[in-house]
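Coordinate analysis (summary)
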Amino acid sequence: MKHILFTGLTVVALIGGFRVSSGSELKMEGIRDTTDMDTVKTEGKRKLTIKWGSDGDNMVKVERCNPCDSLHKDRSSDFLKQKPKVILGITFARFDLGLATLLDNGSFTLSPENDFLKNRTWKTINVGFDVFQFGYRFNEKFRLFLSAGFDWTHIRLKNDIIFDRNTTPLSYTESDIHYSKNRFSSSYLRIPITFEHRLGMDRDLRIAYGPIGGFLLSGSQKFKSEEEGKRKVKDDFNYAKFRYGAFARVGYKWVGLYAKYYFNDMFENSPQQEGLRNMSFGLMFFF
């Protein structure tokens, strides 16, 4: 878990450094003179420019311009004059880092049938981010888009149990070994549809919400003990092949808060786990 958090925070730091300015650019060739990050002078040559988030859509874009003198325009004034346009591109946005919790028929207390899933609250986490988006920006205040990314839920179990592989319904056996780490995980391809509103003078306050779906990519259980060392077992463990729910986000500039709740059960073909659902909430980076 430490290396996952370290990797996530490292990515946040690197991308954050890359996005010190929402209009920052990476100059590839043909640059004769640069006075600052927003002014580029050329002598009539074509220049390949990679832009990140210069118009507030947080996408990597490749543009060829000749001449490139228009790059010195005031970014803030351009942003306030944005016209409707299609949004399509690769992105690294909405990086979620928070806590995951299980709701048992609407209760945070697990029923006796699900007591084996007792977990360590502060080590049961959700991590995710988007890598692609497609939609339409109607104006500087509102945009609607579909995105795709990845989402992980890591449940740090308290009990020394081992889930049975290739078994329906979900079942487990109790181990004689004490595990210092017993992590039960799932990973999904997440596909949210986002309704995003931008408020304030500079449109820096953002509110987003919408439905979210996900397709199961894999499930796993990872153990750590003195007797066996580290080992990992992969299986779908009866996780729902498709899950659906809703999410909400609120943030200022590039940081904010998020919450996600899934309407269907975490496990399928497992009557004892009927009504057991997943909820997560925490910090979000790169709105």
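Residues numbered from 1 in each chain as written. Predicted model: local features only at pLDDT ≥ 70, side-chain atom pairs only at ≥ 80, totals over all residues. Heavy atoms only, no water.

The final tally for this structure, using the stated rule, is 27 aromatic pairs. Considering the side-chain rings of Phe95 and Phe285, the 6.4 Å spacing of their centres and the 50° angle between planes classify their relative orientation as tilted. With Phe95 in strand S6 (residues 85-104) and Phe285 in strand S16 (residues 276-285), this pair connects stretches of sequence that are 190 residues apart. The two residues Phe95 and Phe285 agree in class, both being buried. Aromatic pair Phe129 and Phe150: ring centres 6.2 Å apart, planes at 65°, arrangement edge-to-face. A residue pair is termed long-range when its members are at least 10 positions apart, and Phe129 in strand S7 (residues 125-139) and Phe150 in strand S8 (residues 142-156) qualify at 21 residues. Grouped by ring-pair contacts, the aromatic residues Phe92, Phe95, Phe129, Phe150, Trp152, Trp254, Phe285 and Phe286 constitute a single cluster. (Phe/Tyr/Trp six-rings, centres within 6.5 Å; stacked < 30°, edge-to-face > 60°. Helix = DSSP H or I, 4+ residues; strand = E, 2+ residues; numbered from the N terminus. Buried < 20%, exposed > 50% of the residue type's maximum accessible area, 1.4 Å probe, protein only.)

This part takes up the pairing of strand S13 (residues 229-234). For a regular strand, side chains alternate in direction, first toward one face of the sheet and then toward the other. Pairing geometry for strand S12 (residues 205-225) and S13, over 6 bridges, is antiparallel. Bridge pairing in S13 places Phe223 opposite Arg231. Counting the residues between successive antiparallel strands, the hairpin from S12 to S13 contains 3 residues. (Pairing = 2+ DSSP bridges.)

Below, the discussion takes up the pairing of strand S11 (residues 181-199). One ladder, built from 13 bridges, connects S8 with S11; its direction is antiparallel. Each bridged residue has a counterpart across the sheet, and for Gly149 the counterpart in S11 is Arg190. Of the pairings in the sheet, the one linking S11 to S12 comprises 17 bridges and is antiparallel in character. Along S12, the bridge assignment pairs Phe195 with Tyr209. Hairpin remark: S11 followed by S12, antiparallel, with 5 residues in the connecting loop; positive phi at Gly200, about 95°.

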